[in-house]
Amino acid sequence: MTDLWRIEGRLLVRSGSWWALILTLSGVAVGSLLVGRGIQEREGRTIVALTVHQDSVWRAQVEDARLFETGRLNPEYLSPLDGYLTWGFTNLAAGRRVPELAMLSIGQADLFPTYHVWGNVAPNTLFHEREISNPTTQALGWLDFSVVLVLFVPLVLIGLSFDAAPRDRSSGIAPLLMGQGARPSTVYARRSVVAWAALMVVFVPLVTCTVLILSPGVRSTTGALALIWLAGIVVGYAAFWQATIFLVNSFGRSATWNATALILIWTVATLVGPPTLDGFVGGGGTEQIDEDMERWIAEFALDTDAAYQALRLDLLPDSALGEEPTGSQATIARLESLRRSRDSTAETWGDALIERERRVRAAASALPSAVVGFALVDLGGNDVASLLDYAEARRDFEAQWTAAMMRRPVTGTDYSIGELEGAPVWTPPAVPPTRTWAALVLLWGQALAVAGLGWISFRRREHPSR
Amino acid sequence: MSGIRLLGVVARREWIEIWRGQGPRLLLGLMLGAVALSSAEGVARYHNSVAQYEAATERAREEWLGLGWLNPHDAGHRGTFAFKKPSPLSIIERGDLDYQGSSVRLETHTRNDSPGRAAAARSILARSDGAHPGSVMRLLIPLLALIITYRAFASERQSGTMRLTRASGVGWRTVWAGKALASLGAVGVGVGVAVATVAVAVLTTGVPEGARGSLRGVYALLVAVLAMYAIGWTLMGLAVSGFARTAKQAMGLGLVCWIGWAVAVPRIVHSAAYTLHPPPTAWEFWRAVETGRGDKWSIGYKGRSNFLAIYDSVQGGLLESEGVGSTDDLVVDAFGLAIEVTEEEGQQAYDQSYGAVEDVFDAQERVVRRLAPLSPVTAVRTALAAAAETDRTSHDRFLDHAEQYRRAVMSTLNLDIAYRGREGRTGESTRGMDGAYERGPDFWASVPSYEPPTPAVRDISKTLLGSLLSISMWALLGLIGSVVSARPSWDR
């Protein structure tokens, strides 16, 4: 029986279709990682450029205001109002920390803002609702690694093994094998393991090496663990599909029947099932227009009559036009309250989103393609929770900055150079790779369960009464 | 036996063979079930969207009319909203709808982007071209056609019955025509029922009487596109079956074609288009706007805007043209005119920046169009999204229309300050800028409400005809392939 392993392996490696499939899959996988890496780098470069630009503008302004001889502030910038108009209105930049493994799955990162520029009392200069993308490209889905794994790896396995049992029956080898005392369950289980292992031996090192080359930052211990975990997900998902193919082969039907059945399973499991599940579990009807309206109103609350008047007349009269500033604590309190109201709307929306996501993830645990999709997006740090974490950190920073810059107009005392130099500095929240062990357990559990069903089905056929 | 009768016999036999298999029955059931379910979901979603659209439009108008007494420029800052009206045909195809946003805030100085994305409120599971009748049909019609046709020639060759048929005097043309007729009929049953299901769903939305005529024309063209799509895949399936040595090989080749054309190529093509023509980042976009407007947003309020320079220049011009020595004697308010000038400068900057983004998207779509012959799925998606007004062109039309409205409203407000701002003033406080000049409910009511653009039926029809032509060319390839492969010279 040991020979059986060797024979199966040799037959597979000598087959032209095996090489064609593995080379195509490898090419597409590497290409998808390059696409993901390109998008990741672009985001990273933009955020770095933006941060450096804003930082240099701030420093240049502080330096510009410092008197050469004394190193103290130019009186022009000292008074609460003049200072406030300069310091308080300097636009700020904040960008998220681009996760190291973001190339694995673009996830929802193209739909959420990943950097912002804003002025502290005028959140209506919040420029970036999201990055600019062609909606058609977004709607069709990016060709990232998660797509390659979820859609194409099962297809390659189906291509390699859909006719594992019928092939022997039509060529007449099956009776010969059985005549030598081999059991179909053992023979086809080994053939399945060989096909699965042969693909994994090439595919997994290729993917992990490409990730290592493209993203040297993952060479740390955390990164290495993340890569091992990634390999576990890839191998587990492939094992599930190989087990499914094994099960379909156990029904003793023709090669074309097997192909049709497997393609239908694949279509439902990877293409039709996930969006349908999302719609039914998460609520299919979008509340987009209502939501837009509420968000708009909250976002632009500062433009409402009372606030705008208060802002314009109390804080922003132009001295060139001869008006006296009448900045008051009440006005500032009003602005603060509006900002909090806007943030609260955003938080409520974020909480609802997280709750919806939790429901969808729970229901999707029955669908291996969904489990893998979520696992990869979590590992890549482009999941909704990480993106909302960034948004929350950015809002907190904005509140800190506003409080610091509004202190002087409220107290009526002058700004000091130390205060400006010690202004709050944006620190993006860390995005560690999230490894959900439950996903691994779930995938391997499903793979073993389906393989077990296949085994039982084969054994039932072997029974003398059949 | 006459040629026609022979053809009938061959077609009948093929028809029976097709429906004897479990695959076609199973797949047909799956496709029709999915179309029916997604149509029902689409109808519910459409009604929900319409209700939201009407409520939001009414609320926006009420807020505008309830501005009270206010300076017109302050009213410009308060602004209003334009909402995109859902099309009844959006039931069929979601297209880019979930990635476009459905509203835009209209305010002075700024041309806003359309913000919300329905897709952002969903999980990543929804990121695969959705589950709506359009995506179901574009994915499953080809699979149905391939499952129906893969045995047509290949299994007969494999079993040797093809030679027997020929030996009994039936010409290859008759065999081809009979098989094609039966296969097209079988696929036609599926497509016909699916299209009828969707049509019933659209009719339940209560399409307004006035819109029915144009909608009927668009739907007819859409049916023609889907029919040609089904014909193309059926003929391609027959060609694959004709070239393959065995039924298994035909099935394998067919599935590779389906996966390639229907699943992989559209994604590869769009990712390639993005890589070749990346759009500007949001940061680059806003920097360009700032530069165009002459603003320096990043360095604080004092250096923020070039408004004061414009204000001085306009005031100087007015003093000269009106021939007065003091600003108090001016008839026209400098502030209103200066705001109008900055508005126009802003419009140019926005036109340039938005235009640059559109140019990039157009370049991306040119790449997609050039590579469209690689996959008929791209062409059929373009047609469905255009008909349903869920494509980028329709969204841009809405945004442009809303922007024209914004400009007209802001111009009305600014010119009102300019030409009426100094009426009834006393003392020093005579500038529109200080908010002393106010307008009330009657004035806000005189500003017309936003009306969404009517569907550009002509443009939509043009897109549909373009797609129909592209798919017809592809179907012609299938026709040639199937005829060539059916010839006796291919018998081995």
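Please read these numbers as outputs of a predicted model, since none were measured by experiment.

Participant: Explain the overall build of chain B to me, using residue names and the numbers behind them.
Facilitator: Looking only at helices and strands, chain B has 16 helices and 2 strands in total. For 492 residues, the compact-globule estimate of 2.2 N^0.38 gives 23 Å, and chain B exceeds it by more than 25% at 31 Å. The dimensions of chain B, computed from C-alpha atoms along their principal axes, are 110 × 45 × 40 Å. Every one of the 492 residues in chain B was classed for burial, and the buried ones make up 51%. Across chain B, contacts joining residues at least 24 apart in sequence account for 84% of those joining residues at least 6 apart.

Participant: Can you tell me about the overall build of chain A, naming the residues and giving the values?
Facilitator: The helix and strand tally for chain A stands at 17 helices and 2 strands. Counting every position in chain A, which comprises 466 residues, the buried fraction comes to 47%. Once local pairs closer than 6 in sequence are excluded, the contacts in chain A between residues at least 24 apart make up 83%.

Participant: Hey, could you go over helix α5 (residues 145-161) of chain A for me, with residue numbers and the actual values?
Facilitator: An α-helical turn contains 3.6 residues, so any two residues separated by three or four positions project in the same direction. All names here are of chain A. Compared with the 24 Å implied by 1.5 Å per residue over 17 residues, the 23 Å span of α5 between its first and last C-alpha is a close match. The sharpest bend along α5 comes to roughly 35°, located at Phe152, with the proline Pro154 sitting one to four residues further on. Burial analysis of α5 places 17 of its 17 residues in the buried class, which makes it a mostly covered element.

Participant: Hey, could you go over the pairing of strand β2 (residues 103-106) of chain B for me, with residue numbers and the actual values?
Facilitator: All names here are of chain B. Of the two faces of β2, the one lined by Ser103 and Arg105 and the one lined by Val104 and Leu106 are each fully buried. In this structure, strand β1 (residues 80-83) lies alongside β2, joined through 4 bridges in antiparallel fashion. Along β2, the bridge assignment pairs Phe81 with Arg105.

Participant: Got a sec to walk through the packing of helix α14 (residues 368-380) of chain A against helix α17 (residues 437-462) of chain A? Specific residues and values, please.
Facilitator: Residues and elements named next belong to chain A. Taken N-terminus to C-terminus, the directions of α14 and α17 make an angle of 155°; their axes are 10 Å apart at the nearest point. It follows from the interaxial angle that α14 and α17 lie roughly antiparallel. Crossing of α14 against α17: the hand is left-handed. The segment α14 lies against α17, with Pro368, Val371 and Ala375 engaging Ala439, Leu442, Leu443 and Gln446. Per-class residue counts for the contact of α14 with α17 are 6 nonpolar, 1 polar and no charged.

Participant: So what's going on with the nonpolar core? Residues and values would help.
Facilitator: Grouped together as the largest cluster of nonpolar side chains are 202 residues, with contacts concentrated most on Leu157(A), Leu144(B) and Val225(B). Residue contributions to this core peak at 17 residues, all from helix α8 (residues 209-243) of chain B.

Participant: Give me the lowdown on the packing of helix α2 (residues 22-65) of chain B against helix α7 (residues 172-203) of chain B, citing residues and values where you can.
Facilitator: All names here are of chain B. One way to put it is that α2 packs onto α7 with a least axis distance of 9 Å and a crossing angle of 15°. With respect to each other, α2 and α7 are oriented roughly parallel. As α2 runs across α7, the sense of the crossing is right-handed. In this structure, α2 contributes Pro24, Leu28, Met31, Leu32, Val35, Ala36, Ser39, Gly42 and Val43 to the contact, and α7 contributes Ala186, Gly190, Val193, Ala194, Thr197, Val198 and Ala201. A breakdown of the residues in the contact of α2 with α7 according to their chemical character gives 12 nonpolar, 4 polar and no charged.

Participant: Which residues make up the confidence of the model for chain B, and what values go with them?
Facilitator: Residues and elements named next belong to chain B. Mean pLDDT over chain B stands at 85; residues scoring 70 or higher make up 92%. The element-level mean pLDDT for chain B is lowest in helix α6 (residues 161-167), coming to 77, with helix α15 (residues 441-446) highest at 94. This model gives residues 297-303 a pLDDT under 50, and the stretch forms 22 contacts once residues within four places in sequence are excluded. Contacts from residues 424-433, a stretch scored under 50 in pLDDT, to residues over four places away or in other chains number 17 contacts. Across the interfaces of the predicted complex, the ipTM metric reaches 0.84, alongside a pTM of 0.85.

Participant: Outline the confidence of the model for chain A, listing residues and values.
Facilitator: Residue and element names in this part refer to chain A. Taken over all residues, the pLDDT of chain A has a mean of 79, while the share at 70 or more is 78%. Of all secondary-structure elements in chain A, the lowest mean pLDDT belongs to helix α12 (residues 305-315), at 48, while α14 reaches the highest, 93. Below pLDDT 50 for its whole length, residues 302-310 participates in 27 contacts with residues either more than four positions away or in separate chains.

Participant: Describe unusual backbone geometry, and please don't skip the residues or the numbers.
Facilitator: Residue and element names in this part refer to chain B. Positive phi values are uncommon outside glycine, yet His109 reaches one of about 75°. You can see His109 is positioned in the loop between β2 and α4 (133-149). According to the C-beta neighbour criterion, His109 is partly exposed, with 18 such atoms within 10 Å. Phi at Glu389 takes a positive value of approximately 55°, unusual for a residue other than glycine. Inspection of the secondary structure puts Glu389 in the loop between α13 (376-387) and α14 (392-420).

Participant: Describe the environment of Val202(B), listing the residues and the values that go with them.
Facilitator: Residue and element names in this part refer to chain B. Counting through the fold element by element, Val202 comes out in helix α7. Since 24 C-beta atoms lie within 10 Å of it, Val202 is described here as buried. Taking the C-alpha atoms as reference points, Val202 and Leu89, 113 residues apart in sequence, are found 6.5 Å from one another.

Participant: Describe in detail the environment of Ser214(B), supporting the description with residues and values.
Facilitator: Turning to its location among the elements, Ser214(B) is positioned in helix α8. Ignoring any residue separated from it by four or fewer positions in sequence, one finds Ser214(B) in contact with Pro455(B) and Val457(B).

Participant: Tell me what's going on with the environment of Val360(A), and back it up with residues and numbers.
Facilitator: Assignment of secondary structure puts Val360(A) in helix α13 (residues 329-364). Note on Val360(A): 24 C-beta atoms within 10 Å, which makes it buried. Placed 168 residues apart in sequence, Val360(A) and Ser192(A) show a C-alpha to C-alpha distance of 32 Å. The residues touching Val360(A), leaving out its near neighbours within four places in the chain, are Asp278(A), Val281(A), Gly282(A), Ser123(B) and Leu125(B).

Conventions used here
Residue numbers here run from 1 along each chain, matching the order of that chain's written sequence. Here every chain gets a letter starting at A, and every ligand a number starting at 1, in the order they are written. Whole-chain, interface and lining totals are the exception, using all residues; otherwise, since this is a predicted model, local features are given only for residues with pLDDT of at least 70 and side-chain atom pairs are given and counted only at 80 or more. Helix and strand assignments come from DSSP, with helices taken as H or I runs of at least 4 residues and strands as E runs of at least 2, each series counted from the N terminus. For the radius of gyration, the atoms used are the C-alpha atoms, and the globule rule reads 2.2 Å times the number of residues raised to 0.38. Labels follow a simple rule on C-beta atoms placed from the backbone: if 20 or more others lie within 10 Å of a residue's own, it is buried; if 12 or fewer, it is exposed; otherwise it is partly exposed. The contact rule is simple: place each C-beta atom from the backbone, and if two of them lie within 7 Å, those residues are in contact. Expected helix span is computed as 1.5 Å times (number of residues minus one). Throughout, the bend at a residue refers to the angle made by two axes, fitted to the seven residues ending there and to the seven starting there. When DSSP finds two or more bridges between two strands, those strands count as paired. Throughout, an axis means a line fitted to C-alpha atoms (over the contacting stretch in the case of helices), and angles, computed between N-to-C directions, take values from 0 to 180 degrees. Any angle that is under 35 degrees is reported as roughly parallel, and any over 145 degrees as roughly antiparallel; angles of 65 to 115 degrees are reported as roughly perpendicular and all others as oblique. Working rule for handedness: look at the near helix, and if it is turned counterclockwise from the far one by less than a right angle, call the crossing left-handed; if clockwise, right-handed. For this classification, Asp, Glu, Lys and Arg are treated as charged, while Ala, Val, Leu, Ile, Met, Phe, Trp, Tyr, Cys and Pro are nonpolar and the rest, including Gly, are polar. Only buried residues count toward a nonpolar core: Ala, Val, Leu, Ile, Met, Phe, Trp, Tyr and Cys, linked into one set through C-beta atoms within 7 Å. Note: pLDDT gives the predictor's confidence per residue, expressed from 0 to 100.

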